[in-house]
Amino acid sequence: MTTIRVGHLYPDYLNIYADRGNIAVLARRTAWRGHELVVTALGMGHPIVPGEHDLYYVGGGQDREQLLVAADLATKRDALQNAVDGGAAALAVCGGYQLLGRGYRGFHGEDMPGIGLLPLETVAGESRLIGDVLIECELEPGEKHTLAGFENHAGRTRLDPVAEPLGRVLAGFGNDGESGFEGCRAGRVVGTYLHGPLLPRNAWLADWLLAQALAHRLGTEPPRLEPLPDELERQAHAVSAGRARSRGGRR
Ligand code: GLN
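Everything numeric here is computed off the predicted structure, so don't read it as measured data.

## Details of the overall build of the protein
Counting its regular elements, the protein contains 6 helices and 12 strands. The C-alpha atoms of the protein give 17 Å as radius of gyration, which agrees with the globular expectation for 251 residues (18 Å, within 12%). Considering only C-alpha atoms, the protein reaches an extent of 50 × 40 × 30 Å along its principal axes. Taken as a whole, the protein presents about 10700 Å² of accessible surface, with 53% of it coming from carbon and sulfur.

As C-alpha cells, this is what we get:
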C-alpha cells in the first residue's frame, strides 16, 4: 500500500464550488486501488517543505478570498517551485489557477501577486464568463479525452506564447473567451477554470493526477492505474458534456 500525500492550500479560503468534492474523488479512487490518500491543510503561515507532498491542490475563490491569501502564497513561491521541480503534481482551479500564474488584477483593479508556476497572466474583464464548458485535452500524446465542467469567472487569462493550454474549447468560453484555449499545463501542474466540481465527472483526470502523484512518491514513471467501473462517472460526464454542447460551441 502506498500513501499519497496531498497538500491542500488554503482550504478555508479557496473552497468555492465544491472543491472538497475533488479531494473526495481523489481519496476514493486511491482507496479503491488499495492505496491511501492523506490530506494536509496548508494555510496561512504554514511552511511548504518540498518533497513532503506528492500533489498540491488549490481551489477556487472570489477576488476577496484571493486577495486574502495572495501575499501569503507569495511567501511559499520558492518552496512550491522547488516541490514541482522535484516532480510533485498540482491541480489549481479558477481563483487558484489565476494565482499560479504571474498575477491577477481583480475586478476593482487590485493587483495580486501570483507565484509564476504557470506562464500566464490574468486581468478581470467587465463581464463574467459563465456556463457549462467542454474542452478536449491530450495530456499524453495520442490519448485524447474531454473535460466537462462549469466556469464562472471575470478573469481573462492570457497564456504566454510558449505555454501549453490544458485543452481546446469545444463549447464555452475558456481562458478568455477568445483564444479557444482553456487552462494551462506545465509538466505535472494543471490549472483550469472548470469546477462544478471537476473530478467527479472527469474521472480520467483524477487518475492522471494520481498517477503523477504516485510517480513522485515512488520515484518511478507514472504507473498505469487499474481501471474502475466508472458507469456513474461516465453518465455524469455525458450529461455535463451535453449541456455544454447545447450552448452551441465556442463563445
Ligand atoms: N475571482 C476570480 C474571477 O472572478 C475567480 C472566480 C472563481 O474562482 N470562481 O475571475
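The structure having been displayed, the exposition proceeds.
## Notes on helix H3 (residues 77-85)
Residues of H3 that are buried include every one of Ala79, Leu80, Ala83 and Val84, and no others. Buried residues of H3, viewed axially, fall in a sector of 135°; they line one side. Those residues of H3 that are exposed and angled more than 90 degrees off the buried face are Asp78 and Asp85. The inward-facing, buried residues of H3 abut strand S1 (3-9), strand S3 (55-58), helix H2 (63-75) and strand S12 (189-192). A positive backbone phi angle near 105° is found at Gly87, which sits one or two residues after H3.

## Digging into the site of the ligand
Around the ligand, a shell composed of 15 residues is seen, among which Asp63, Gln66, Cys94, Gln98 and Gly155 lie nearest. Within the contact set of the ligand, a nitrogen atom lies 2.8 Å away from a side-chain nitrogen or oxygen of Gln66. Contact between the ligand and Tyr104: an oxygen atom at 3.5 Å from a side-chain N or O atom of the residue. Expressed as a share of its isolated accessible area of 300 Å², the protein-covered part of the ligand is 100%. Elements that contribute at least two residues to the shell around the ligand include exactly H2, helix H4 (95-100) and strand S8 (143-159). Along the lines of polarity and charge, the residues of the shell around the ligand split into 3 nonpolar, 10 polar and 2 charged.

## Notes on the pattern of salt bridges
Enumeration over the complete set of coordinates arrives at 16 salt bridges. For Arg33, the salt bridge goes to Asp207, with nearest N and O atoms at 2.8 Å. Of this pair, Arg33 sits in the loop between helix H1 (19-32) and strand S2 (36-42) while Asp207 sits in helix H5 (residues 203-218), placing them 174 residues apart in sequence. A relative accessible area of 12% places Arg33 in the buried class. Between Asp132 and Arg243 there is a salt bridge; the shortest N-O distance is 3.7 Å. Note that Asp132 is positioned in strand S7 (residues 120-140) and Arg243 in helix H6 (residues 231-245), a separation of 111 residues in sequence. Linked through salt bridges whose partners overlap, the residues forming this network are Arg29, Arg33, Asp207 and Asp230.

## Focus: the side chain of Thr192
Positionally, Thr192 belongs in strand S12. The exposure class assigned to Thr192 is buried, which follows from its relative accessible area of 0%. Not counting residues up to four positions away in its chain, the partners in contact with Thr192 are Leu91, Ala92, Val93, Cys94, Tyr97, Leu166, Glu182, Gly183 and Leu198.

## Notes on the side chain of Gln66
By the secondary structure assignment, Gln66 is in helix H2. We classify Gln66 as buried; its relative accessible area is 1%. When sequence neighbours within four positions are dropped, the list of residues in contact with Gln66 reads Leu14, Gly61, Gly95, Gln98, Leu99, Tyr104 and Met112.

## Considering the nonpolar core
One broad rule of soluble globular proteins: the nonpolar side chains tend to lie buried together. By size, the foremost hydrophobic cluster in this structure holds 64 residues, and its most contacted members are Tyr56, Leu147, Leu199 and Leu205. Considering each element in turn, this core owes the most residues, 8 residues, to H5. Apart from the residues within four sequence positions on either side, Leu147 is in contact with Val133, Leu134, Ile135, Cys137, Leu166, Leu194, Leu198, Asn202, Trp204, Leu205 and His237. Listed in part, the 5 residues of the second largest apolar core include Leu134, Ala148, Ala171 and Ala241.

Parameters at a glance
Residues numbered from 1 in each chain as written. Predicted model: local features only at pLDDT ≥ 70, side-chain atom pairs only at ≥ 80, totals over all residues. Heavy atoms only, no water. Helix = DSSP H or I, 4+ residues; strand = E, 2+ residues; numbered from the N terminus. Rg over C-alpha atoms; globule rule 2.2 N^0.38 Å. Areas by Shrake-Rupley, 256 points an atom, 1.4 Å probe, with all protein chains shown as cover. Buried < 20%, exposed > 50% of the residue type's maximum accessible area, 1.4 Å probe, protein only. Arc of directions from axis to C-beta. Contact = heavy atoms within 4.5 Å. Near = heavy atom within 4 Å. Polar contact = N/O pair within 3.5 Å; in protein donor to acceptor, adjacent residues only side chain to side chain. Nonpolar A, V, L, I, M, F, W, Y, C, P; charged D, E, K, R; others polar. Salt bridge = Lys/Arg side-chain N within 4 Å of Asp/Glu carboxyl O. Core = buried A, V, L, I, M, F, W, Y, C linked by side-chain atoms within 4.5 Å.

Read these as geometric descriptors, not functional statements.
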